[in-house]
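A look at the structure
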Amino acid sequence: DRRAIIFDLDGVIVDTAKFHFLAWRKLANDLGFDFTKEQNEQLKGVSRVDSLKKILEWGDMELSEEEFQKQMALKNENYLSYVDGMDDGEILPGVKKVLDYLDENQVPYALGSASKNARPILKKIDLYHRFDAIVDGTDVSKAKPDPEVFLIAAEKLNVEPQQCVVFEDSVAGVQAANIGGMLSVGIGAKDVLHEADHVFTDFTEIELNFIDKLLNTEKK
Ligand code: G6P
Ligand code: MG
């Protein structure tokens, strides 16, 4: 029973989670309030529009539809200015070793990201051509924790959801994988990602024989 892997992008493959945080924080600060790193965990994996809604709730603010759209565009402009100079040096440690191993063993893998910027970012870090399928924020209508993005990825890989292992740095993404019936591996802090089937601080902690094990275990 061969499995496939689905990777989230931001905070899993590449260190862009810090840039999303910076850009959202700037937006909040410009509107006259702030939010914490703990609150930021709730934004990870969450679509652009839902993120802004949450942030405005934290700041107890309401915006007109026009101003809301303007702020979303502004956030994205700032975000893109931060990722502009990015190259394959921003790929997180240990990720390439795992991708190489999957290639050697002909294990298919897909990207499952909420970001509408996923494709250009994959191109910047020179990984675009390596994925067997890419599903991103431009392909889905329901945001994580809805499993839609991962279910489409499984379909594109021609595997059942139960055959998939998902790597995620966000609470919403771990929940999406679990709801979709997939094995979830959290990348980040254990206390934050406690709903995941396994948690690692980063990919350097993951032994290649553990990847084999993952590919052969059933979801409980
Ligand atoms: C990822 C990130 C979120 C981000 C979302 C939408 O899931 O973890 O922080 O808000 O994608 O990204 P976008 O690039 O479309 O604004
Ligand atoms: Mg992420």
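Conventions and cut-offs
- Residues numbered from 1 in each chain as written.
- Chains lettered and ligands numbered in written order.
- Predicted model: local features only at pLDDT ≥ 70, side-chain atom pairs only at ≥ 80, totals over all residues.
- Helix = DSSP H or I, 4+ residues; strand = E, 2+ residues; numbered from the N terminus.
- Buried ≥ 20, exposed ≤ 12 C-beta atoms within 10 Å, placed from the backbone.
- Near = placed C-beta within 6 Å.
- Nonpolar A, V, L, I, M, F, W, Y, C, P; charged D, E, K, R; others polar.
- pLDDT = per-residue confidence, 0-100.
- Axes fitted to C-alpha atoms, helices over the stretch in contact; angles between N-to-C directions.
- Parallel < 35°, antiparallel > 145°, perpendicular 65-115°, else oblique.
- Left-handed = near helix turned anticlockwise from the far one by under 90°.
- Contact = placed C-beta atoms within 7 Å.
- Pairing = 2+ DSSP bridges.
- UniProt positions renumbered as here; feature names shortened; annotations may be inferred.

With respect to the helices, strands and loops of the structure, proline 161 is situated in the loop between helix H7 (148-157) and strand S4 (164-168). Taking the C-beta count within 10 Å as the criterion, proline 161 has 20 such neighbours and is therefore assigned buried. In sequence terms proline 161 and glycine 181 are 20 residues apart; their C-alpha atoms lie 6.1 Å from each other.

This paragraph deals with the site of ligand 1. As a structural note, the neighbourhood of ligand 1 is formed by 18 residues, with His20, Arg48, Ala114, Ser115 and Lys116 the closest of them. Of all the secondary structure elements, the ones that give two or more residues to the shell around ligand 1 are helix H1 (17-30) and helix H3 (48-58). Partitioned by chemical class, the residues of the shell around ligand 1 number four nonpolar, ten polar and four charged.

Before going further, it helps to spend a moment on unusual backbone geometry. Here the bond from lysine 144 into proline 145 is cis, since omega is 15°, no more than 30 degrees from zero. With a phi angle near 55°, aspartate 60 is a residue other than glycine that sits in the positive phi range. Note that aspartate 60 resides in the loop between H3 and helix H4 (65-83).

Looking at the chain as a whole, its pLDDT mean stands at 96, while 99% of the residues score no less than 70. Across the interfaces of the predicted complex, the ipTM metric reaches 0.98, alongside a pTM of 0.95.

As a further point, take the packing of H1 against H4. One can describe the packing of H1 onto H4 by two numbers: an axis separation of 9 Å at closest approach and a directional angle of 140°. Taken as axis vectors, H1 and H4 run oblique relative to one another. When you trace H1 past H4, the crossing you get is right-handed. Residue-level contacts link Phe19, His20, Leu22, Ala23, Trp24, Lys26 and Leu27 of H1 to Gln71, Leu74, Lys75, Asn78, Tyr79, Tyr82 and Val83 of H4. Along the lines of polarity and charge, the residues of the contact of H1 with H4 split into nine nonpolar, three polar and two charged.

Turning next to the packing of H3 against H4. Between H3 and H4, the shortest axis-to-axis distance is 11 Å and the interhelical angle comes to 110°. Relative to H4, the element H3 is oriented roughly perpendicular. Judged by the sense of rotation from one axis to the other, the crossing of H3 with H4 is right-handed. For the pair H3 and H4, the contacting residues are Arg48, Val49 and Leu52 in the first and Phe68, Gln71, Met72 and Asn76 in the second. Within the contact of H3 with H4, the residues separate by chemical class into four nonpolar, two polar and one charged.

Hydrogen bonds along the backbone pair up the strands of a sheet, which may run parallel or antiparallel. The sheet built from six strands is open, its strands ordered S3-S2-S1-S4-S5-S6 with parallel pairing. Since the sheet does not close on itself, it has two edges, and those belong to strand S3 (133-135) and strand S6 (198-200), each with one partner. Strand-to-strand twist of the sheet, defined as the mean angle between neighbouring strand axes without regard to direction, takes the value 20°. Here strand S1 (residues 4-7) pairs with S4 via four bridges, running parallel. For phenylalanine 7, the partnering residue across the bridge sits in S4 and is phenylalanine 167.

Time to look at the UniProt feature "binding site: Mg(2+)" (unreviewed entry) in the chain. Annotation from UniProt places "binding site: Mg(2+)" (unreviewed entry) at Asp8, Asp10, Glu168 and Asp169. In summary, the annotated positions, though distributed over 162 residues, converge in three dimensions, the widest C-alpha pair being only 8.9 Å. Summarising the element assignment, aspartate 8 is placed in the loop between S1 and H1. For aspartate 8, a count of 30 C-beta atoms within 10 Å corresponds to the buried category. Those residues in contact with aspartate 8 that lie beyond four places of it in its chain are Gly45, Gly112, Ser113, Phe167, Glu168, Asp169, Ser170 and Gly173.

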